[in-house]
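Close look at the chain arrangement
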Number of protein chains: 2
Amino acid sequence: MSQYNFTFSEVMTKKPKPLGKQLQFGKYFTDHMFVMEYHHQKGWYDGKIIPYQPLTLDPASMIFHYGQTVFEGLKAYKSKDGETRLFRPKENINRLNRSNARMCIPEIDPDLALAAIKELVRIENDWIPKQEGTSLYIRPFIIATEPYLGVSASKQYKFIIILSPVGAYYKEGINPVRIAVETEYIRAVKGGTGEVKTAGNYASSLIAQEKAEASGFAQVLWLDGHDKKYIEEVGSMNVFFKIDGEVITPELNGSILPGVTRNSVIEVLRDWGVPVVERKILLEELITAHKEGRLEEAFGSGTAAVISPIGELNCNGEALIINNQETGEIAKKLYETITGIQYGHLEDKFNWIDMIE
Amino acid sequence: MSQYNFTFSEVMTKKPKPLGKQLQFGKYFTDHMFVMEYHHQKGWYDGKIIPYQPLTLDPASMIFHYGQTVFEGLKAYKSKDGETRLFRPKENINRLNRSNARMCIPEIDPDLALAAIKELVRIENDWIPKQEGTSLYIRPFIIATEPYLGVSASKQYKFIIILSPVGAYYKEGINPVRIAVETEYIRAVKGGTGEVKTAGNYASSLIAQEKAEASGFAQVLWLDGHDKKYIEEVGSMNVFFKIDGEVITPELNGSILPGVTRNSVIEVLRDWGVPVVERKILLEELITAHKEGRLEEAFGSGTAAVISPIGELNCNGEALIINNQETGEIAKKLYETITGIQYGHLEDKFNWIDMIE
């Protein structure tokens, strides 16, 4: 029990658990969920763990009309010894509160949020899949629930946590994916919401994602919304390039999501002594480097896929084939290192793991 | 009965109706709602009118996570003769489908959508308030309901229509409002979703709206997201300025919402022979025109407020007082003309009214 004494109502009949090989991303959900309410006169109250069940919301609830909402994504991993390991949960909770600030949603006590995640994962311990590459995806989110059609911040919210046992995010696993550079639609600009995790960023990206998938690409690479010539990020990942032995990634400029895995990649590279630089990156620079044979590797980083090598960057039909469409050395080593820490095969030298007893 | 034969389940006990003077914007809802389902293998199906009731949705429904949703807003007016009059509903339905296309949501048959609106308003006829300035606000919206956490277009949706008897949108009524020019946050850029009605546009605007309200302003005036120097629109309205006898409004550039009232204002002005131009407008141009005494009027247009005179534009503390903070002649005449057509005091010479028998 945590110090927060969340009420717990246990489900009567547990669901069958999917087999490891059936696992996909975000298709199955566990037996219980965490729910907490907010009212502007009471603050956050009534945190409880209840059977996984539908939400019952007035059709005028502001979430349906004005999209005031934030979310997070993190994972719990099972070690071979049966330990349950959370990867950098405080980073996600801090980002949740930064998202809250931007979206005019009341902040949540970080200790309470962490206690809620831990308590729910502890209860759902049997749902954490054990095979390598699988994990329990944790999705905390907040939605505006006041039934009112005026455009203003809601006076009522729900904070919810649901859990989903997951396999690989990409069908390709850790094999290289093909990415299309998006030149028509834009994801975000400084002054907008691109650097926080809110629904609208993803809704606006779907049209480009559909266009890319129709041509056989896994995701799109977004350019900046101002000049459409600087690299920003991939659909659900931050992005890294290795040129002339140096790893570069777009600097956090107000429209790029500050990924927890992005930050972990940078820390690991620094620890290895690999030069890594956060700066503006022109698309043109990548094209030139590729032409001159200096674009050695490209890969994405994110909670869902951890590290995802990029085998092709396609700019309006021109294909930049990277590293013979094979997984690069740095990407492979980063994947092994970060997942090694996550699953407990490697020492947690960065102090990233939060254990659940 | 329409040709669509929507199922109708009548409510057992009707709610008390608010008195005219109690009416606000979007606080009260009628006894019934329209709901229709979409499944990717069946298309849109099962349109029905049922008692107004909470939606029951899986917490993994995509609307809560990736914000795939669109909405519309239009009004039904009661004439003195007891007629029920819809204002340009086909324009709203066409825009709904343009929003659908941008947000990867399946199109709805426009005739079916119009029939659903009419049938629901007919059933709720007693809910249409009769006093001048009041009306029945109609809110059609579509939400993504597939329970799945992958970032992709949903395979399931709900199309819902709810109705709300409304009074004035602004506390000020048709008195001039004070508007703050927003110079930090941005609403939209070309290539984003600014020209369609989707939740994310409104969610991202709340922080600027709160900042403006805290300083006593009714709304913000958005500048373009690229250069932050061109006028775009006000929070929930398009915007017009009268300079040297000519009325100007920002041209539709891919990031501005093409308002139905905006279009009606332009048509009425043309009919009157008042010069009206859609073009880029620099904020600097307004400041200069004001300094030289040539900024004669400013007003917003939108379904909620119809015409809303702007008495002050505040740019980082510098107040441009317009027309002595009084309602201008053009704004007043436009308000009287457009509401005159809406309520049936004036001839419907533009063929804008769709009657409900």
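What counts and what doesn't
Residues numbered from 1 in each chain as written. Chains lettered and ligands numbered in written order. Predicted model: local features only at pLDDT ≥ 70, side-chain atom pairs only at ≥ 80, totals over all residues. Heavy atoms only, no water. UniProt positions renumbered as here; feature names shortened; annotations may be inferred. Axes fitted to C-alpha atoms, helices over the stretch in contact; angles between N-to-C directions. Helix = DSSP H or I, 4+ residues; strand = E, 2+ residues; numbered from the N terminus. Parallel < 35°, antiparallel > 145°, perpendicular 65-115°, else oblique. Contact = heavy atoms within 4.5 Å. Nonpolar A, V, L, I, M, F, W, Y, C, P; charged D, E, K, R; others polar. Buried < 20%, exposed > 50% of the residue type's maximum accessible area, 1.4 Å probe, protein only. Pairing = 2+ DSSP bridges. Expected span 1.5 Å × (residues − 1). Domains from an automatic or database assignment. Salt bridge = Lys/Arg side-chain N within 4 Å of Asp/Glu carboxyl O. Polar contact = N/O pair within 3.5 Å; in protein donor to acceptor, adjacent residues only side chain to side chain.

For chain A, the name recorded in an unreviewed UniProt entry is Branched-chain-amino-acid aminotransferase, with Amphibacillus indicireducens as its organism. Recorded in UniProt under Sequence similarities (unreviewed entry), the annotation for chain A is "Belongs to the class-IV pyridoxal-phosphate-dependent aminotransferase family." Under the UniProt heading Cofactor (unreviewed entry), the entry covering chain A gives this text: "pyridoxal 5'-phosphate".

**Looking at the packing of helix 5 (residues 260–272) of chain A against helix 7 (residues 329–343) of chain A**
All names here are of chain A. Following both chains from N to C, one finds helix 5 and helix 7 inclined at 105°, their axes separated by 11 Å at the closest point. On the basis of their axis angle, the class for helix 5 and helix 7 is roughly perpendicular. The residues of helix 7 that touch helix 5, namely those facing Ser264, Val265, Val268, Leu269 and Trp272, are Ile330, Lys333, Leu334, Thr337 and Ile338. Its residues placed into classes, the contact of helix 5 with helix 7 shows seven nonpolar, two polar and one charged.

**Quick word on the pairing of strand 16 (residues 295–302) of chain B**
All names here are of chain B. Burial of strand 16 is extensive: seven of the eight residues sit out of reach of the surface. Bridge analysis of strand 13 (residues 238–243) against strand 16 gives six bridges, and the strand direction is antiparallel. Counterpart to Asn238 in the pairing with strand 16 is Ser301. Two elements, strand 16 and strand 17 (residues 306–315), share four bridges in a ladder whose sense is antiparallel. Paired with Ser301 across the strands is Ile307, a residue of strand 17. Hairpin connection of strand 16 to strand 17: three residues between the antiparallel strands.

**Quick look at helix 5 of chain A**
Along its 13 residues, helix 5 of chain A runs 19 Å from first to last C-alpha, staying within 8% of the 18 Å computed at 1.5 Å per residue. After helix 5 of chain A finishes, the residue Gly273 of chain A shows a positive phi value of roughly 80°.

**Points about the domain arrangement of chain A**
Residues and elements named next belong to chain A. By the assigned domains, chain A splits into domain 1 (7–166) and domain 2 (177–343). Summarising the inter-unit geometry, the C-alpha centres of domain 1 and domain 2 are found 27 Å apart. Each side of the interface is counted separately: domain 1 has 28 residues, and domain 2 has 21 residues. Counting the contacts that link domain 1 with domain 2 gives one salt bridge. Here Glu267 and Arg88 are joined by a salt bridge, their closest N and O atoms 3.6 Å apart. Inspection of the domain 1/domain 2 interface yields 15 residue pairs in polar contact (both at pLDDT 80 or more).

**A few points about the pairing of strand 11 (residues 219–223) of chain B**
All names here are of chain B. With respect to burial, strand 11 is a largely interior element, five of its five residues being buried. Alignment of strand 10 (residues 177–182) against strand 11, held across four bridges, turns out to be parallel. Bridge pairing in strand 11 places Val181 opposite Leu221. Two elements, strand 11 and strand 12 (residues 231–234), share two bridges in a ladder whose sense is antiparallel. Counted as the bridge partner of Leu221 is Val234 from strand 12.

**Side note on unusual backbone geometry**
All names here are of chain A. The phi torsion at Lys228 lies on the positive side, around 50°, for a residue other than glycine. Looking at the secondary structure, you find Lys228 in the loop between strand 11 (219–223) and strand 12 (231–234). Positioned with a positive phi, Asn316 is a non-glycine residue whose angle comes to about 50°. Take Asn316: it is sitting in the loop between strand 17 (306–315) and strand 18 (318–321). Classification of Asn316 by relative accessible area gives exposed; the value is 64%.

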